[in-house]
Amino acid sequence: AGLGDATGTFRGLVELTADALNDESSRLYASCHAMREVGSQLVERAKREGELRPDVTAEELLLLLHAASWAGGHLPGGGGMQRLLALVFEGLRAS
């Protein structure tokens, strides 16, 4: 299971991890900082390969994932987070 699945399963984890990204006094800071570092490497690679806008940051993507996880938990049925992320990454336009 990925981060989104975990944050959607454990109520409150979204807020804790999102806040810990910038709070050095948090017990979660080291883990969140490591997650951001790995995410930054992936973001930079995607930018180099032209798969991601040049102005996107790893922190923005992590917060977007947190937001989709939280909001997806409030949609009826399963798969809410995946649906919301598909809307973000694939767009809202009818094809």
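As a starting point, this report considers the structure included with it. Since the structure is predicted, the reported quantities are computational estimates derived from the model, not experimental observations.

What counts as what
Residues numbered from 1 in each chain as written. Predicted model: local features only at pLDDT ≥ 70, side-chain atom pairs only at ≥ 80, totals over all residues. Heavy atoms only, no water. Helix = DSSP H or I, 4+ residues; strand = E, 2+ residues; numbered from the N terminus. Polar contact = N/O pair within 3.5 Å; in protein donor to acceptor, adjacent residues only side chain to side chain. Axes fitted to C-alpha atoms, helices over the stretch in contact; angles between N-to-C directions. Parallel < 35°, antiparallel > 145°, perpendicular 65-115°, else oblique. Left-handed = near helix turned anticlockwise from the far one by under 90°. Contact = heavy atoms within 4.5 Å. Expected span 1.5 Å × (residues − 1). Buried < 20%, exposed > 50% of the residue type's maximum accessible area, 1.4 Å probe, protein only. Arc of directions from axis to C-beta. Salt bridge = Lys/Arg side-chain N within 4 Å of Asp/Glu carboxyl O.

Some points on the environment of W70
Step number 1: Take W70: it is sitting in helix α4 (residues 58-72).
Step number 2: Note: C-alpha distance between W70 and G80 (10 residues apart in sequence) is 9.3 Å.
Step number 3: One polar contact links W70 to H74, side chain to side chain, over a distance of 3.4 Å.

Digging into the packing of helix α3 (residues 29-48) against α4
Step number 1: The geometry of α3 relative to α4 is characterised by a closest axis approach of 8 Å and an angle of 110° between their N-to-C directions. With respect to α4, the element α3 is oriented roughly perpendicular. Two packed elements cross with a definite hand, and for α3 against α4 that hand is right-handed. Listed contacts from α4 to M35, R36, G39, S40 and V43 of α3 are A58, E59, L61 and L62.

As for α3
Step number 1: For α3, built from 20 residues, the straight-helix expectation of 28 Å at 1.5 Å per residue is met to within 8% by its first-to-last C-alpha distance of 28 Å.
Step number 2: For α3, the complete set of buried residues consists of Y29, C32, R36, G39 and V43. For α3, the buried positions fall inside an angular range of 90° around the axis, keeping them on one side. Opposite its buried face, α3 presents the exposed residues A30, S31, Q41 and R48, each directed more than 90 degrees away.

Brief notes about the pattern of salt bridges
Pairing between side chains becomes possible if they bear opposite charge and their charged atoms approach one another.
Step number 1: Evaluated as defined, the whole model comprises 3 salt bridges.
Step number 2: Residue R36 is joined to E59 by a salt bridge in which the shortest nitrogen-to-oxygen separation is 3.5 Å. You can see R36 sitting in helix α3 and its partner E59 sitting in helix α4, a full 23 residues away along the chain.
Step number 3: The residue R53 makes a salt bridge to D55 at a minimum N-O spacing of 2.6 Å.
Step number 4: Among the residues examined, D55 registers a relative accessible area of 48% and is labelled partly exposed.

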